[in-house]
Amino acid sequence: MDIVIKQLTHRYMIGTPFERVALEDINLQIASGTFLAVIGHTGSGKSTLIQHLNGLLKPTSGTIAIGDQIISAGKNNKQLKSLRKRVGIVFQYPEHQLFDETVEKDIMFGPLNFGASEAEAKEKAKEMLELVGLPLGILSRSPFELSGGQMRRVAIAGVLAMDPEVLILDEPTAGLDPKGRVEIMELFYQLHQKKNLTTVLVTHSMEDAATYADKIVVMEKGKVYMEGSPKQIFSERDKLQAVGLDVPETVQFLLKWQNRTGEAIDLSSFTLDEVATALCKQLKKGGSSC
Amino acid sequence: MKELISINDVSFAYREDEPAILKDVNLTVYAGEWLAIVGHNGSGKSTLAKLLNGLLIPTAGRVIVEGYDTARADELWEIRKRVGIVFQNPDNQFVGTSVRDDVAFGLENFGVVREEMITRIDEAVRKVKMEKFLDAEPHHLSGGQKQRVAIAGILAQKPSIIILDEATSMLDPMGRKEVIETVKALNEQQGITVISITHDLEEAIRADRVIVMKQGKAIMQGGPEEVFQDGEMLIGAGLDLPFSVKLSLSLQKKGIPLPKAYLTQEELVEALWTLS
């Protein structure tokens, strides 16, 4: 689903001495099927921005169009329920939002709310549990008896159970061990492709942004600071460092190597394998066995 | 090297009818070292941290901190003075209404007299470079700054050990760096022992010693150079290899004759430069 954000401004605590601008004049177009990464340091406005995408926050001025639905300032939006079905948000530490007695009931909650029958919701719970890589045997268990990594998967299954067309991920791998981190990101990436989703990933990991995103938006002080492909964004290290960010470790390595050799090398290799191949070719003078 | 903490045959379960989170763990923490503890989610790392200052008491075995036993209630305050923990969430640890009040909180608990308190607060806040923010309210601080205030609160008690329990995992890259650099300086300049429980392998490679936890057991300990060579063991423990090690291995596979896997980018660049 296309997302078009026009002149979006958001102020917190309007009319009080604490009033402050959290977002200012944001203009963004996210084409259907895009994997967008939003990066920026804490307080740059990333979370405020994504909360506008399913109407959790409403603009102070400006509009957000999600497909044919428009969220705008001041309007009482009757369409929010259907919007929330189409736009799923996985918040930070989503396992903190688990609440029901069993894993099955927890995942069924969303579909039931949106009008699915008991049988349909049950079926959905099974399907989603398999999708996130958990055994069906845990359906009848309490979500609170599971490990942290399993709880997070159950929470994610609950969001996916609503069949969203747009998936918003707010640092979905925070606190996970390195293996879990890769597994969860791969899960989202496969879903993105398989279900043709529009995905918005908020992340502190430049590596994840470089690996998965088609497009990156850099936020700073409530404004869009940079916007472009990973290649464009990560070719401007000075500009990123000026706002406390950096290029991914792959690019950092290539820059160090380039400094040492004095020979130019393509800096847009974002995966470890690409970097190894580029280095190998340079060392073997274009050898074919790389 | 002087032993600060010794963990002897420690097992721990939250409830009697539940499987043990820690099983027969034996470890020693030495004075002045930076010790990284890594392991998968649920491997028992954080439980171990809580056993080190008596927040939890072992189900079996003993934890001795500078001669004090965590299982003895009358020795607990001596232990808590010596071992401070910085937890994961910066917002859950700020108890004061300003930086000054927050650092004072712990001292009040220990009954430190006012004059002494003022000196200690100033000194602690200076060490974490937050002296410009003494009167700042918590919501005006970044996550990294809040964690530095938490560290100052510990420093004011003049501890010998600081434990970071995934203390940088909720911070952005900048906040992460400022916290690690603050603690690194305390470790190097003041000789404070640091135990860092972390998922950040790039941080762990800078430690003096690394302990790998898996399913409640310490399965390996050694210098980072040694521990991070064993890729199979690390992946089996739910971890990953540091970037430079992975790149070294990938280059070796492509027929680049690197003599070993390197831990840091700088070392790998030098090794490749020598080859070219």
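Residues numbered from 1 in each chain as written. Chains lettered and ligands numbered in written order. Predicted model: local features only at pLDDT ≥ 70, side-chain atom pairs only at ≥ 80, totals over all residues. Heavy atoms only, no water.

> Please provide a residue-by-residue account of the overall build of chain A, values included.
For chain A, the count of helices and strands is 11 helices and 10 strands. Relative to the compact-globule value of 19 Å for 290 residues, chain A shows a C-alpha radius of gyration of 21 Å, a close match. Overall size of chain A, expressed as C-alpha extent along the three principal axes, is 65 × 55 × 35 Å. Considering chain A as a whole, with its 290 residues, one finds that 53% of them fall into the buried category. Within chain A, contacts between residues separated by at least 24 positions form 58% of all contacts whose residues are at least 6 apart in sequence. Accessible surface computed for chain A: about 12,800 Å², of which carbon and sulfur atoms make up 49%. (Helix = DSSP H or I, 4+ residues; strand = E, 2+ residues; numbered from the N terminus. Rg over C-alpha atoms; globule rule 2.2 N^0.38 Å. Buried < 20%, exposed > 50% of the residue type's maximum accessible area, 1.4 Å probe, protein only. Contact = heavy atoms within 4.5 Å. Areas by Shrake-Rupley, 256 points an atom, 1.4 Å probe, with all protein chains shown as cover.)

> So what about the packing of helix α10 (residues 243–253) of chain B against helix α11 (residues 265–275) of chain B? Which residues, and what values?
Residues and elements named next belong to chain B. The N-to-C vectors of α10 and α11 enclose an angle of 25 degrees; their axes lie 9 Å apart at closest approach. By the criterion of interaxial angle, the relationship of α10 to α11 is roughly parallel. Taken together, the residues of α11 that come into contact with α10 (itself represented by F243, S244, L247, S248 and L251) are Q265, L268 and L272. Of the residues in the contact of α10 with α11, the class split is five nonpolar, three polar and no charged. (Axes fitted to C-alpha atoms, helices over the stretch in contact; angles between N-to-C directions. Parallel < 35°, antiparallel > 145°, perpendicular 65-115°, else oblique. Nonpolar A, V, L, I, M, F, W, Y, C, P; charged D, E, K, R; others polar.)

> Give me the lowdown on the domain arrangement of chain B, citing residues and values where you can.
Residues and elements named next belong to chain B. Domains assigned within chain B are domain 1 (3–100 + 159–230) and domain 2 (242–276). Here the C-alpha centre of domain 2 lies 31 Å away from the C-alpha centre of domain 1. With seven residues of domain 1 in contact, the opposing surface of domain 2 contributes seven residues. Across the domain 1 to domain 2 interface the summed buried area is about 640 Å²; carbon plus sulfur atoms make up 56%. At the boundary of domain 1 and domain 2, one finds one salt bridge. K260 is the salt-bridge partner of E225, the closest N and O atoms lying 2.7 Å from each other. Taken together, domain 1 and domain 2 are joined by three residue pairs in polar contact (both at pLDDT 80 or more). Within the residue set of the side of domain 1 that touches domain 2, elements represented by two or more residues are α7 (201–204) and α8 (224–227). (Domains from an automatic or database assignment. Buried area = accessible area lost by both parts, 1.4 Å probe. Salt bridge = Lys/Arg side-chain N within 4 Å of Asp/Glu carboxyl O. Polar contact = N/O pair within 3.5 Å; in protein donor to acceptor, adjacent residues only side chain to side chain.)

> An account of the interface of chain B and chain A is requested, with residue identities and associated values reported.
Listed per partner, the contact involves 34 residues of chain B and 31 residues of chain A. Between chain B and chain A, roughly 3,000 Å² of surface is buried when both sides are summed, and carbon and sulfur atoms account for 66% of that area. In this structure, K256 of chain A and E266 of chain B form a salt bridge, with 3.4 Å as the shortest nitrogen-oxygen distance. Linking chain B to chain A there are 11 residue pairs in polar contact (both at pLDDT 80 or more). Looking at which element gives the most residues to the side of chain B that touches chain A, the answer is α11 of chain B, with seven residues. Residues of the side of chain B that touches chain A, tallied by class, amount to 15 nonpolar, 11 polar and eight charged.

> Any details on the packing of helix α3 (residues 103–113) of chain A against helix α4 (residues 118–131) of chain A? Residues and values, ideally.
Geometry of a packed helix pair, given as the angle between the helix axes and the separation of the axes. Residues and elements named next belong to chain A. Two elements in contact, α3 and α4, have axes separated by 8 Å at closest approach and are oriented at 120 degrees. In terms of orientation, α3 lies oblique with respect to α4. The hand of the α3/α4 crossing is right-handed. For the pair formed by α3 and α4, the contact residues are V103, E104, I107, M108, P111 and L112 on the first element and E118, A121, K122, K124, A125, M128 and L129 on the second. Residue composition of the contact of α3 with α4, grouped by class: nine nonpolar, no polar and four charged. (Left-handed = near helix turned anticlockwise from the far one by under 90°.)

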